[in-house]
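If you want the building blocks of each chain, they are given just below.
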Amino acid sequence: MKNTSKMPRANGKISIAPSILSADLYKLGEEVKTVENAGADWLHVDVMDGHFVPNLSFGPAVVSSLNGKTNLPLDVHLMVEEPLLFIEPFAKAGADLLTVHIEAKDDVAFALEQIKNSGVKAGLSIKPDTDPERITPYLDVLDLVLVMSVYPGFGGQAFLPEAEDQIKRVRQIINASGRAIWLETDGGINAQTAPLATRAGADALVAGSAIFKAADPVTALNQIRQAASDI
Ligand code: DX5
Ligand code: ZN
């Protein structure tokens, strides 16, 4: 299957991925244009099924409504119990990267294989209390590891201090693999916590409320990028 993903390979540059979970959905198109014009690198789409996490969010229809309307690669985070049900629908809808949770029910290797076969990039996410070593068997197929710095389910939570150690350990695992794999951190990222994440080894940052709930999302995004780079 041809790789149709717009997601670039890991390149050492810090990438900022605003999460639309915190956007004003009444004006989602405007919100996406705002962050795109502010220099966002990707758009993070949080998919929640009400089982893996106690919240319900978006389906493939939201991704297909964004597909082709924004130049931002669509970084889709599947917080779902059975990712195998959703890989093809989200790939068809235009996802450029699909991230599944290692803690989900379905077989991880098979889910990652399905993602790659659908022509998009593959990510694997771990919760704050999951042993990072568990990602090791999958490194050969991964384009991204998503280290959660909050327990998944809601935007607006505080960055967990133990996340720094998780990020450091995943960075060591990725570097030891010698593969170009993004290390994305997600949850409670703002201008204060962004440098903690990048100093620990993250090279992609998801920020939802710190951007979309800010009085000036453009300034907020730039402050996060500046803080993340000044380490
Ligand atoms: C949480 C989601 C995060 C969240 C980030 O389950 O995976 O992407 O939306 O939101 P903030 O940046 O507000 O913590
Ligand atoms: Zn997320």
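Provided above is the structure to which this section pertains.
As a starting point, this report considers the structure included with it. Every residue gets a number counted from 1 within its own chain, in the order that chain's sequence is written. Key to labels: chains lettered from A, ligands numbered from 1, both in the order written. Note on the predicted model: pLDDT of at least 70 is required for a residue's local features to be given, and 80 or more for side-chain atom pairs to be given and counted; whole-chain, interface and lining totals, by contrast, use all residues. Note: side-chain values were computed over all heavy atoms of the structure, leaving out hydrogens and water.

1. Some thoughts on the site of ligand 1
Threshold: We call a residue near a molecule or strand when any one of its heavy atoms sits within 4 Å of it. Contacts described as polar in this section are N or O atom pairs within 3.5 Å, which, within protein, must combine one atom able to donate a hydrogen with one able to accept it, while residues neighboring in sequence count only if both atoms come from side chains. In this description a helix means any DSSP run of H or I spanning at least four residues, a strand means any run of E spanning at least two, and both kinds are numbered starting from the N terminus.
In the neighbourhood of ligand 1, 20 residues make up the surrounding shell, with Asp46, Gly153, Asp186, Gly208 and Ser209 lying closest. Residue Asp46 places a side-chain N or O atom 2.8 Å away from an oxygen atom belonging to ligand 1. At a separation of 2.8 Å, an oxygen atom of ligand 1 approaches a polar backbone atom of Gly156. For the shell around ligand 1, the leading source of residues is strand β2 (residues 43-48), giving three residues.

2. Some words on the packing of aromatic side chains
Stated formally: Centres within 6.5 Å are what make two rings of Phe, Tyr or Trp a pair, Trp counting through its six-membered ring; a difference in plane orientation under 30 degrees is then read as stacked, over 60 as edge-to-face, and the rest as tilted. Between buried and exposed lies partly exposed: a residue is buried under 20% and exposed over 50% of the maximum accessible area for its type, with that area taken using a 1.4 Å probe on protein chains only. For a lysine, the NZ atom is tested; for an arginine, the CZ atom; a charge sits over a ring if that atom is within 6 Å of the ring centre and within 35 degrees of the ring normal.
Counted under the stated rule, the structure contains one aromatic pair. On the basis of an interplanar angle of 90 degrees and a centroid distance of 4.8 Å, the ring pair of Trp42 and Trp182 is categorised as edge-to-face. Residue Trp42 is found in the loop between α1 (28-37) and β2, and its partner Trp182 is found in strand β7 (residues 182-186); the two are separated by 140 residues along the sequence. Trp182 matches Trp42 in its accessibility class, with the two residues each being buried. The ring of Phe52 carries the charged tip of Lys127 above its face, separated from the ring centre by 4.8 Å.

3. Regarding helix α5 (residues 163-177)
Side chains of residues three or four places apart in an α-helix project in the same direction, reflecting 3.6 residues per turn. Heads up, the condition is: The span one expects for a helix is its residue count, reduced by one, times 1.5 Å. By definition in these notes, contact holds between two residues if any of their heavy atoms fall within 4.5 Å.
Taking 1.5 Å of rise per residue, 15 residues should cover 21 Å, and α5 covers 21 Å from first to last C-alpha, within 8% of that figure. Buried positions along α5 lie against β5 (121-126), β6 (144-148), β7 and α6 (194-200). Looking one or two residues beyond α5, the residue adopting positive phi is Gly178, at roughly 70 degrees.

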